[in-house]
Amino acid sequence: MTKIAVIAGSSRGARIGLQITEWVKAVANNPAVELIDLAEENLPFFDEPASPKSGNPYQHNHTKRWAAKIADYDGFVFVFPEYNGSYPAVLKNAVDYLYPEWKNKPVSYVSYGFGAGKRAAAAFSALAENVDLQLTEQVANLTLRPEIFAADGSIQDPDVAFASEAEAVTNAVGSVVAKAQAS
Ligand SMILES: Cc1cc2nc3c(=O)[nH]c(=O)nc-3n(C[C@H](O)[C@H](O)[C@H](O)COP(=O)(O)O)c2cc1C
């Protein structure tokens, strides 16, 4: 059966990223979709002796574990905020660790930020190309507006906050599922 991972691409304790990623998974409403949380993966900064593109075997247990997890999926939807004009370092680190496990698999994204994470999205597109992930044409960009936040910093109601972007999110996940099933 096709397996797609939606990946929470931020890891700080006070993040909204996990809430948004869970919402993306709920909107996708597809049994093929599972959630990976980079905070739980807790990878150290990249420390393999060789480039993942070299074909040399991975040395570290954390790399082998991460590689085995990603190899098991047929496609990915990365969910990430914009940090200083790009995506979070934790996401870059997680991608840098591997190559054959990403290669030629379909990918889309859901970016978010006060400008809908558009600069992070552009940077992510370049990253995806470098590891030969195949970016689909359907992507989503969520705009954070002050009025969508609850007093505790969470999103009050993601269904309301992102009502106008829900269709794009459905299409982003759907495009990855469809491409994964076709290959
Ligand atoms: C270090 C840092 C840098 C940020 N830079 C940007 C930015 O360049 N553009 C933007 O729209 N929002 C920026 N923000 C605001 C984030 O989009 C917002 O805090 C969001 O909730 C972060 O996602 P997270 O809660 O999942 O970590 C930044 C936030 C942080 C913590």
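This text follows the structure it describes.
Just so we're clear, the structure is a prediction, and the values are computed from it rather than from any experiment.

About the thresholds
- Residues numbered from 1 in each chain as written.
- Predicted model: local features only at pLDDT ≥ 70, side-chain atom pairs only at ≥ 80, totals over all residues.
- Heavy atoms only, no water.
- Core = buried A, V, L, I, M, F, W, Y, C linked by side-chain atoms within 4.5 Å.
- Buried < 20%, exposed > 50% of the residue type's maximum accessible area, 1.4 Å probe, protein only.
- Helix = DSSP H or I, 4+ residues; strand = E, 2+ residues; numbered from the N terminus.
- Contact = heavy atoms within 4.5 Å.
- Near = heavy atom within 4 Å.
- Polar contact = N/O pair within 3.5 Å; in protein donor to acceptor, adjacent residues only side chain to side chain.
- Areas by Shrake-Rupley, 256 points an atom, 1.4 Å probe, with all protein chains shown as cover.

Among the nonpolar cores identified, the biggest contains 30 residues, and Trp66, Phe76, Phe78, Leu91, Trp102 and Phe124 are the most heavily contacted of them. Those elements that place two or more of their residues in this core are β1 (4-8), α3 (61-71), β3 (75-81), α4 (89-96), β4 (106-113) and α5 (118-130). If one sorts the elements of this core by residue count, α5 sits on top with five residues. When neighbours within four sequence positions are excluded, Trp102 is seen to be in contact with Ile7, Trp66, Ile70, Phe76, Phe78, Ala94, Val95, Val131, Asp132 and Leu133. With 25 residues, the next largest nonpolar core counts Val27, Val77, Leu144 and Val169 among its residues.

Neighbouring the ligand are 16 residues; Ser10, Arg12, Ile16, Tyr83 and Tyr112 lie closest to it. Within the backbone of Ile16, a nitrogen or oxygen atom sits 2.8 Å from an oxygen atom of the ligand. Taking Arg119, its side chain carries an N or O atom lying 3.2 Å from an oxygen atom of the ligand. Coverage of the ligand by the protein amounts to 76% of the 610 Å² it exposes when considered alone.

Time to look at α4. Of all the residues in α4, the buried ones are Leu91, Asn93, Ala94 and Val95. Looking at the buried positions of α4, the neighbouring elements they touch are α2 (38-41), α3, β3 and α5.

Here the focus is the side chain of His62. Note that His62 resides in helix α3. Residue His62 is classed as buried on the basis of its relative accessible area of 16%. At 2.9 Å, the side chain of His62 and the side chain of Asp47 are in polar contact. With sequence-adjacent residues up to four places away left out, His62 is seen in contact with Leu43, Pro44, Asp47 and Tyr97.

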